[in-house]
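Residue-level structure breakdown
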Amino acid sequence: MLEKNFQASLIKKIRKRFDGCIVLKTDPNYIQGMPDLLILYKKRWAALEVKKSLKAKHQPNQDYYVKKMNKMSFAKFISPENEEDILNELCKALQPKKSTCISRRK
């Protein structure tokens, strides 16, 4: 699967899982290495760096920004192989502490 196809599918899943969220695609030419997606949901935010596979090469600064943003809120690398696990972690990060998250596994 191409990364752009995975990213498009992922955005749809995020919007469905987090009703009312805003998903922004970042500009790689503005800050090199910034994660691909910024998710705004209620009073919380998260960032995801989309990869076509777990073995895909990391570009310069991607590890730096994912680590830095994860310390601020939530940021991860996501690929088809770890998609469900990362989406479940994202659910826990974006939901208020009293809510429970429901896995979308079939």
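Everything that follows concerns the structure shown earlier in this document.
A brief look at the structure comes next. This is a predicted model, so every value here is computed, not measured.

1. With respect to the overall build of the chain
Secondary structure assignment for the chain yields three helices and four strands. Element order for the chain, N to C, with α for helix and β for strand: α-β-β-β-α-β-α. Expressed as a percentage of the 106 residues in the chain, the buried residues total 39%. Taking the intrachain contacts of the chain between residues at least 6 apart in sequence as the baseline, contacts between residues at least 24 apart amount to 54%. Of the roughly 7200 Å² that the chain leaves accessible, carbon and sulfur atoms contribute 53%.

2. Looking at the pattern of salt bridges
This model, assessed by the stated rule, comprises four salt bridges. Here Glu49 and Lys51 are joined by a salt bridge, their closest N and O atoms 3.9 Å apart. For the residue pair Glu49 and Lys51, the accessibility class agrees, reading buried in each case. One salt bridge in this structure joins Lys76 and Glu89, with 3.6 Å as the shortest N-O distance. One end of the pair, Lys76, is in strand β4 (residues 75-78); the other, Glu89, is in helix α3 (residues 83-94), and 13 residues separate them in sequence.

3. Examining the sheet that holds strand β2 (residues 37-41)
Pairing in this open sheet of four strands is mixed, and the strands run β1-β2-β3-β4 from one edge to the other. Among the strands making up the open sheet, the edge pair consists of β1 (22-25) and β4. Taking the axes of each pair of neighbouring strands and ignoring which way they run, one obtains an average angle of 25° across the sheet. Where helix α1 (residues 3-17) meets the sheet, it contacts β1, β2, β3 (44-50) and β4, and its direction lies at approximately 160° from that of β3. Of the strands in this sheet, β2, β3 and β4 are in contact with α3, which crosses β3 at around 165°.

4. As for unusual backbone geometry
Of note in this structure, Lys42 is not a glycine but carries a positive phi near 55°. The exposure class of Lys42 is exposed, given its relative accessible area of 65%.

5. Focus: the nonpolar core
In terms of nonpolar packing, the biggest core is built from 20 residues, with Leu10, Ile14, Phe18, Ile39, Leu48, Ile78 and Leu90 touching the most fellow members. Where this core is concerned, the elements lending two or more residues are α1, β2, β3 and α3. Among the elements that make up this core, the one with the highest residue count is α3 (five residues). Ile39 has contacts with Ile14, Cys21, Ile22, Val23, Arg44, Trp45, Ala46, Leu48, Leu90 and Leu94, leaving out every residue within four places of it along the chain.

Reading the values: rules and limits
- Residues numbered from 1 in each chain as written.
- Predicted model: local features only at pLDDT ≥ 70, side-chain atom pairs only at ≥ 80, totals over all residues.
- Heavy atoms only, no water.
- Helix = DSSP H or I, 4+ residues; strand = E, 2+ residues; numbered from the N terminus.
- Buried < 20%, exposed > 50% of the residue type's maximum accessible area, 1.4 Å probe, protein only.
- Contact = heavy atoms within 4.5 Å.
- Areas by Shrake-Rupley, 256 points an atom, 1.4 Å probe, with all protein chains shown as cover.
- Salt bridge = Lys/Arg side-chain N within 4 Å of Asp/Glu carboxyl O.
- Pairing = 2+ DSSP bridges.
- Axes fitted to C-alpha atoms, helices over the stretch in contact; angles between N-to-C directions.
- Core = buried A, V, L, I, M, F, W, Y, C linked by side-chain atoms within 4.5 Å.

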